[in-house]
Amino acid sequence: MASALLRYRVLAYATGIWLLVLTAEMVAKYIFSVDNLPTWIAIVHGWVYFVYLILTIDLAVKVRWPAGRTVGTLLAGTIPFLSFFVEHWRTQQVKKDFGV
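All values derive from a computational prediction rather than experimental measurement. (Residues numbered from 1 in each chain as written. Predicted model: local features only at pLDDT ≥ 70, side-chain atom pairs only at ≥ 80, totals over all residues. Heavy atoms only, no water.)

## Structural notes on the pattern of salt bridges
Per the counting criterion, the structure on display carries 3 salt bridges. Here Glu87 and Arg9 are joined by a salt bridge, their closest N and O atoms 2.6 Å apart. With a gap of 78 residues between them, Glu87 in helix α4 (residues 82–98) and Arg9 in helix α1 (residues 2–30) connect regions that are remote in the sequence. Of the residues examined, Glu87 reaches a relative accessible area of 1% and is grouped as buried. In this structure, Lys62 engages Asp58 in a salt bridge whose closest nitrogen and oxygen atoms are separated by 3.5 Å. Of this pair, Lys62 and Asp58 are both found in helix α2 (residues 41–63), 4 residues apart, which corresponds to roughly one turn of the helix. We classify Lys62 as partly exposed; its relative accessible area is 38%. Classification of Asp58 by relative accessible area gives partly exposed; the value is 25%. Three or more residues joined by partner-sharing salt bridges are found here, namely Arg7, Asp58 and Lys62. (Salt bridge = Lys/Arg side-chain N within 4 Å of Asp/Glu carboxyl O. Helix = DSSP H or I, 4+ residues; strand = E, 2+ residues; numbered from the N terminus. Buried < 20%, exposed > 50% of the residue type's maximum accessible area, 1.4 Å probe, protein only.)

## Notes on the UniProt feature "transmembrane region" (unreviewed entry) in the protein chain
In the UniProt entry, the feature "transmembrane region" (unreviewed entry) is given for residues 6–28, 40–61 and 67–86. Along residues 6–28, the helical share is 100% and the strand share 0%, with 33 Å between the first and last C-alpha atoms. Taken end to end, residues 40–61 comprises 95% helix and 0% strand; its first and last C-alpha atoms sit 32 Å apart. (UniProt positions renumbered as here; feature names shortened; annotations may be inferred.)

Laid out in C-alpha cells, this is it:
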C-alpha cells in the first residue's frame, strides 16, 4: 500500500509539473507568438500522464476507491495545478484510512 501511494504521489507531481510546462508552452506559442519552441514537451507530458493513469488505477484498486473518486483523480492530471491539490487530498485520505 505504501509503495503504491508513493508511486502515485511522485507521478502526480511529475504530471502536474509537465502540465504546467505544457501550459506555458501553449501560452508562449498562441498568445505571445513565440517561434522555435520545443516540440517534445507535449509528448513528454503525454507519456508522464499515461504512467500517472496506470499508477493511479493501481492505487485505486488497492484502496478500493469508488469509480467516481477514481475518475476524478485520473482527470486531475488534465487541469493545471489541480493534480497538486488532489494528490494532497488523496494522500491524506489514504494515510488516515490505512495508517500508512
